[in-house]
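Descriptive structure summary
This is what each chain is made of:
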Amino acid sequence: MLQVIRCSVVVALALGGCGKDGGSTEADAGPPEVIEDLPVEREVSIPGIEGAVEVVQDDRGMWHVYGERLDDVLRAEGYLMARDRIAQMEMIRRSVTGRLAELAGSASPSLVQSDIDARFAGHVRNARRIWDDLTAEEQGYLEAFAAGVNAHIAELRNGEVALPRGAEILPPDFIDDWTPLDTLAIARYQSAALSFNPGDDIAVTEALAAWAEAFPADSTDPRRARLAGAFHDLFPFAPSRMVFTRDGFPNLDTDTGTRALRPPPRPRPAATRYQPPPRDVLRAAGRYADRVEQGFQRLFGDETRGSNSWVVHGSVTESGHPILANDPHLQLSSPPLFWMVHLNTARAGGDVDVQGLALAGTPVVLLGYNQYVAWGLTTHGFDVTDAYFETITPGTGGEPDTVELDGAQVPIETITETIRLDTGGSMEVTFEVVPHHGLIIPETRTDTGGITIRWTGNEVSHEPRAFLELARARTVDDVEAAYDNFGVGGQNLVAVTRDGHVFWSTNVLLPVRDARALTYDPETRMGVAPCFVLDGRGEHEWTGWLDDRYLPHDLDPSRGFIATANNDGVGVTADGNPFDAPHYIGWAFNDGHRMARITERLEELAEGGAITPEDMSALQADAQSPYGRLATAAIVAELDRAVEEAATPGTHADLADAVAAAGSAAMAKIEAMRDRLAAWESFDTPAAVEGTPSDAQIADSVATTIFNASFGRLVRLFVDDEAEVLGHGARGRSRTILRALNDPESMLSYDDAIADTVLWDDLRTDEVETRGTQVLAAFLGALGFLESELGADMDEWRWGELHTLTLASLVPSLGEDVLSIPPASSDAFANGFPRHGDNETVDPAGFGVTETSDFTYGSGPQQRLVVQMTPDGPLVWNATPGGQALDPDSPHHADEMEKWRHNEAPPMYLNEPDVVAHAERRLRFVMP
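Concerning the overall build of the protein
- Along the backbone of the protein there are 23 helices and 34 strands.
- Relative to a compact globule of 928 residues, whose C-alpha radius of gyration would be 30 Å, the protein shows 29 Å and is just as compact.
- On the principal axes, the C-alpha backbone points of the protein span a range of 95 × 80 × 60 Å.
- With 928 residues in all, the protein has 61% of them scored as buried.
- Within the protein, contacts between residues at least 6 apart in sequence are counted, and of these 72% link residues at least 24 apart.
- By element, 49% of the accessible surface of the protein is carried by carbon and sulfur atoms, the whole surface being about 33,400 Å².
- Counting 72 positive and 146 negative side-chain charges, the protein places the centres of these two groups 2 Å from one another.

Observations concerning the pairing of strand β4 (residues 63–66)
- Residues Trp63 and Val65 of β4 are buried on one face, and the alternating residues His64 and Tyr66, pointing to the opposite face, are buried as well.
- Looking at chain direction, strand β3 (residues 53–58) and β4 are connected through 4 bridges and run antiparallel. Residue Val55 lies in a different strand from β4, and its bridge partner there is Val65.
- From the end of β3 to the start of β4, which pair antiparallel, there are 4 residues, and Gly61 there has a positive phi angle of about 90 degrees.
- Sheet analysis places β4 next to strand β8 (residues 338–344), joined by 4 bridges and oriented parallel. Opposite His64, over in β8, you have His342 as the bridge partner.

Details of unusual backbone geometry
- Of note, the amide linkage connecting Ser334 to Pro335 takes the cis form, showing an omega dihedral of -10 degrees.
- Inspection of the secondary structure puts Pro335 in the loop between β7 (333–334) and β8.
- The amide bond that connects Ile821 to the next residue, Pro822, takes the cis arrangement and shows omega of -5 degrees.
- Along the chain, the position of Pro822 falls in the loop between β29 (808–809) and β30 (833–834).
- Within the chain, Arg525 stands out as a residue other than glycine whose phi angle is a positive 60 degrees.
- Tracing the backbone through its elements, the reader meets Arg525 in the loop between β21 (511–513) and β22 (534–535).
- A relative accessible area of 17% means that Arg525 is categorised as buried.
- Of note in the backbone geometry, Asn566 takes a positive phi value of approximately 65 degrees without being a glycine.
- Inspection of the secondary structure puts Asn566 in the loop between β25 (561–564) and α14 (593–608).

Topic: the environment of Asp684
- Here Asp684 lies in the loop between α18 (664–678) and α19 (695–726).
- Each C-alpha atom, one on Asp684 and one on Asp817, is 34 Å from the other, the two residues being 133 residues apart in sequence.
- Each residue touching Asp684, except ones within four places of it in the same chain, is listed here: Ala623, Gln624, Asp700 and Thr704.

As for the side chain of His593
- Within the secondary structure, His593 sits in helix α14.
- The contacts of His593, once residues within four sequence positions are left out, are Ser240, Arg241, Pro626, Tyr627, Leu630, Leu738 and Glu840.

Quick look at the environment of Arg165
- Mapped onto the fold, Arg165 is located in the loop between α6 (136–158) and α7 (180–195).
- We classify Arg165 as partly exposed; its relative accessible area is 41%.
- Put simply, Arg165 and Gly397 are 232 residues apart on the chain and 60 Å apart in space, counted from C-alpha to C-alpha.
- Beyond its immediate sequence surroundings of up to four residues, Arg165 is in contact with Val818, Leu819, Pro888 and Asp889.

Notes on the packing of aromatic side chains
- Scanning all chains against the criterion turns up 28 aromatic pairs.
- Ring centres of Phe196 and Trp455 lie 5.3 Å apart, and the angle between their planes is 70 degrees; on these two criteria the pair is classed as edge-to-face. Of this pair, Phe196 sits in the loop between α7 and α8 (198–214) while Trp455 sits in strand β18 (residues 449–455), and the two are 259 residues apart along the sequence.
- A relative accessible area of 15% means that Phe196 is categorised as buried.
- You can call Trp455 buried: its relative accessible area is 3%.
- With a centroid separation of 5.7 Å and 85 degrees between ring planes, the pair formed by Phe237 and Trp587 is classed as edge-to-face. Remark: Trp587 occurs in the loop between β25 and α14 and Phe237 occurs in the loop between α10 (231–234) and α11 (279–300); sequence separation between them is 350 residues. Note on accessibility: Phe237 and Trp587 belong to one class, buried.
- Over the aromatic face of Tyr372 sits the side chain of Arg498, whose NZ or CZ is 4.3 Å from the ring centroid.

Focus on the packing of α19 against helix α21 (residues 771–790)
- At their nearest, the axes of α19 and α21 sit 8 Å apart, and the two run at 130 degrees to each other. In terms of orientation, α19 lies oblique with respect to α21. Remark: the crossing between α19 and α21 carries right-handed chirality. Residue-level contacts link Thr705, Ile706, Ala709, Ser710, Arg713, Leu714 and Leu717 of α19 to Gln774, Val775, Ala777, Ala778, Phe779, Gly781, Ala782, Phe785, Leu786 and Leu790 of α21.
- Looking at the contact of α19 with α21 residue by residue, the classes come out as 12 nonpolar, 4 polar and 1 charged.

Topic: a negative patch on the surface
- Negative charge collects at one region of the surface, where Glu469, Asp477, Asp478, Glu480, Asp484 and Asp548 lie side by side.
- With 3 residues, the single largest contributor to the negative patch is helix α13 (residues 476–483).
- Relative to the helices and strands, Glu480 resides in helix α13.

Examining α21
- Here α21 contains 20 residues, and its C-alpha end-to-end distance of 28 Å stays within 8% of the 28 Å for a straight helix at 1.5 Å per residue.
- Immediately beyond the C-terminal end of α21, within one or two residues, lies Gly791, with a positive phi of roughly 100 degrees.

Considerations on the environment of Ile86
- In this fold, Ile86 is placed in helix α2 (residues 70–97).
- Discounting chain neighbours no more than four positions away, the residues touching Ile86 are Met81, Val149, His152, Ile153, Leu156, Leu163 and Ile175.

Considering the nonpolar core
- Val65, Ile451, Ile635 and Phe925 are the most contacted members of the largest nonpolar core, which has 227 residues in total.
- Considering every element that reaches this core, the biggest residue donor is α2, with 14 residues.
- Residues Ile323, Ala563, Ala565 and Ile611 belong to the second largest nonpolar core, which totals 20 residues.

Some remarks on the side chain of Thr456
- With respect to the secondary-structure elements, Thr456 resides in the loop between β18 and α12 (463–472).
- Thr456 sits in the buried class, given a relative accessible area of 0%.
- Aside from chain neighbours lying at most four places away, what touches Thr456 is Val384, Val488, Leu509, Pro511, Trp542 and Trp545.

As for the packing of α18 against α19
- Direction vectors running N to C along α18 and α19 enclose 115 degrees, while the axes themselves pass 9 Å from each other. Of the two elements, α18 crosses α19, and the hand of that crossing is left-handed. Every residue of α19 that contacts α18 at Met673, Arg676 and Leu677 is listed here: Val702, Ala703, Ile706, Phe707 and Ser710.
- Split by residue class, the contact of α18 with α19 holds 6 nonpolar, 1 polar and 1 charged.

As for the sheet that holds strand β16 (residues 426–434)
- The 3 strands lie next to each other as β15-β16-β17, forming an open sheet whose pairing is antiparallel. Among the strands making up the open sheet, the edge pair consists of β15 (413–420) and β17 (438–439).
- Judged from the 2 bridges that link them, β16 and β17 form a sheet pairing that is antiparallel. Bridge assignment links Val433 to a residue of β17, and that residue is Leu439.
- With respect to the sheet, helix α4 (residues 110–121) is in contact with β15, β16 and β17, its orientation differing from that of β16 by roughly 35 degrees.

Some thoughts on the pattern of salt bridges
- Under the defined criterion, the tally for this structure stands at 66 salt bridges.
- A salt bridge links Arg226 to Asp751; the shortest N-O distance between them is 3.7 Å. Of this pair, Arg226 sits in the loop between α9 (222–225) and α10 while Asp751 sits in strand β26 (residues 750–751); the two residues are 525 residues apart in sequence, bridging distant segments of the chain.
- Using a relative accessible area of 32% as the deciding quantity, one classes Arg226 as partly exposed.
- Taking the shortest distance from any N to any O, the salt bridge between Arg516 and Asp514 comes out at 2.9 Å.
- Since its relative accessible area comes to 35%, Arg516 is described here as partly exposed.

Looking at the confidence of the model for the protein
- Residues with a pLDDT of 70 or more make up 94% of the protein, whose mean pLDDT is 92.
- Here residues 1–27 is a poorly scored stretch, pLDDT under 50, and it has 51 contacts once near neighbours within four places are set aside; other chains count.
- Note that residues 253–265 has pLDDT below 50 and, in this model, 28 contacts with residues that lie over four places away or in other chains.

Rules used in this analysis
- Residues numbered from 1 in each chain as written.
- Predicted model: local features only at pLDDT ≥ 70, side-chain atom pairs only at ≥ 80, totals over all residues.
- Heavy atoms only, no water.
- Helix = DSSP H or I, 4+ residues; strand = E, 2+ residues; numbered from the N terminus.
- Rg over C-alpha atoms; globule rule 2.2 N^0.38 Å.
- Buried < 20%, exposed > 50% of the residue type's maximum accessible area, 1.4 Å probe, protein only.
- Contact = heavy atoms within 4.5 Å.
- Areas by Shrake-Rupley, 256 points an atom, 1.4 Å probe, with all protein chains shown as cover.
- Lys, Arg positive; Asp, Glu negative; His and termini not counted.
- Charge placed at Lys NZ, Arg CZ, Asp CG, Glu CD.
- Pairing = 2+ DSSP bridges.
- Phe/Tyr/Trp six-rings, centres within 6.5 Å; stacked < 30°, edge-to-face > 60°.
- Lys NZ or Arg CZ within 6 Å of the ring centre and 35° of its normal.
- Axes fitted to C-alpha atoms, helices over the stretch in contact; angles between N-to-C directions.
- Parallel < 35°, antiparallel > 145°, perpendicular 65-115°, else oblique.
- Left-handed = near helix turned anticlockwise from the far one by under 90°.
- Nonpolar A, V, L, I, M, F, W, Y, C, P; charged D, E, K, R; others polar.
- Patch = residues over 30% accessible without salt bridge, like charges linked within 9 Å, V, L, I, M, F, W, Y side chains within 5 Å.
- Salt bridge = Lys/Arg side-chain N within 4 Å of Asp/Glu carboxyl O.
- Expected span 1.5 Å × (residues − 1).
- Core = buried A, V, L, I, M, F, W, Y, C linked by side-chain atoms within 4.5 Å.
- pLDDT = per-residue confidence, 0-100.

Structural data, given as structure tokens:
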């Protein structure tokens, strides 16, 4: 039961407090200095709580929770998170556990399929196994958090409080009690969003099969025959930027610098031509993978789900103390996926004083800092998922079907799940399981085969333990020991410590594959690799886990910093073949643009030896366009040729027809676009629509608009014909077009006769297109679009008119959308907030390199954290996108957004005097 003692903080401080706590009196009135000086606004009773818990909310909406027992503190955390976020938590829970059809399955049949896919993924089944492997203490902490959530749910059901305006789709009676399994399932789903990637393997396999069929070397069509060996031009393994976190694998326990580990060469079995599964089976698997990816994007952001983090050593900082910066990139939703909180038992003699971000629906702190260490996370890109094509033998006489494994037959098992519907009925779905691999994707099942997925997330691991121990960590050894419990999710952890260390670890369950699964040669396309759907009959199995000693890590490197940005950490893809590395760790890493820019700036700053926290915040806000920087010169050179042809017909015969068809009026405008791009030397990408932008900002903004409206069209003109043959987009198209523009001689599709790659030619037409004609076509298309959208005056082609951000609510609206930020009714920002940045800027604002008209975006930094770790503890700056509360009527619904979108990161309040000085209210949690 909720007991409320209401008293205005302002009145109480002026008149002497209220309630039995006393607080200030007229005799000793003055500024509050400790928590007890603040009046208690209300008391909350939570079943199971054993001691009083004091809670202070600061003027940024963060809750500071103080108690003697950690389980009591976690009960309060659960209650407060639910108070701020229960509708969001409920939508996430139902998505993850496969219970959306109960809400509106009859109105939206796609919700039934979503539930089937969630049950197939089995996050609840994994949660049960993880739960059974936790210690009693750890289980108690999860139960305490759930009890706190349920205390708020009980208030909703009793009518003591109401759901926020805009959340009418969720009647309180519809919200079931929260359980520890819900928390564990959400945590495992997040790990899946960051590491479960069978779609990559399926897509590359299907593309390879389609390529071999469409472009045989003996084709009678010479345009197709010359593409026969060029598959890896469109599916390259080498990144665009050769910048890595460190130079090579760590050398056992002795190397903290740059020496690469080179064990004796492994015997490499002879490579044979890879035989993909049937095309119809691959297409069916692709449809499943697409649905999984769409689900991830709904909850956790675009397909990159990238992040930035770096740590700099005190030897290169102005203060002499290490600094950490971390901005993880996920779905920018309203409210954010994360929730700020401060948990403290140290005030009462305990060992926890941790602050940072908790994922909605989960306890403790996932990203944060305590008085001794600070840590951040980014996704690494390890390959921890394999797809297998199973050879199935139908059972006879009532016996189950079997799969072949090493010449023996293994019975297929089954799992049955019940899905409830909003009509009151239910349906049962049965999945088949290959015990040593995983579930068979239902759409791929035939009488004789099917595709299974093996993922490390189906193993038991102890991420909850990792973050409980990080909360208590004091030294770099403590951080490393805590992170040893992290098994699933493929994360880079960077940390700074009070005693001056900077540290990087990538601890994860990383499969060691049979050598027969690692014979692929990208140049010849001979052999087998884990980037394809593997034969499941036994030659390509996991044989163990890579020893921690060989997982990429570093400590206090001599150059003074460590940076990660979803890049290849140790250069295994530098030679274009990740399968011949000393240890196979993965192939689908980020292109390296953010990493290259971060490294460039850190090297410049480290050379000066006086890096400040302000420098780190400025780097987080860096919005230099990497594609603009790398592609503009080559594009301008082609526009120069087109302009010359327009001025003097016959100068460039290959462009004569295209220029003549464009006409003189259009070519005059193309020349003006060329001039603006040629003057774009900073490659900065300002929005330039708010305030009073300078002439330089306007010029850069217009150039950004011209570049992005044209570049997406150019990429599509370049690869859409091949993508049409492949059935989907080429995974490496952004890498490919940069090579085509700047280094075509390095491509397998390079033709000496034309001194260029033949990929510029569009196979769908009778004409033979060239680099020059495609560039001109892209700019003519952009010209028409921009004049239609923004008018004929190029000075008004401001990037912020097209490039905007809206934080969409995860809770569907039954009427006017009041939960998104800005709301649908916003007059000032009807199309969203104007933003700087473009694809792969350090301050991420990507919309996709093939986009031609919709330049809005929806994924980016969940925080802008900077921590300077001093001998006296951390100095912290941060901002989150949105606010703490879902409630649109709360002052903390959107207050953080103004700081975040202007790239500001104000100080955080960790120590008690700062917390008290910025207090808005004080609550007390007590026994019923």
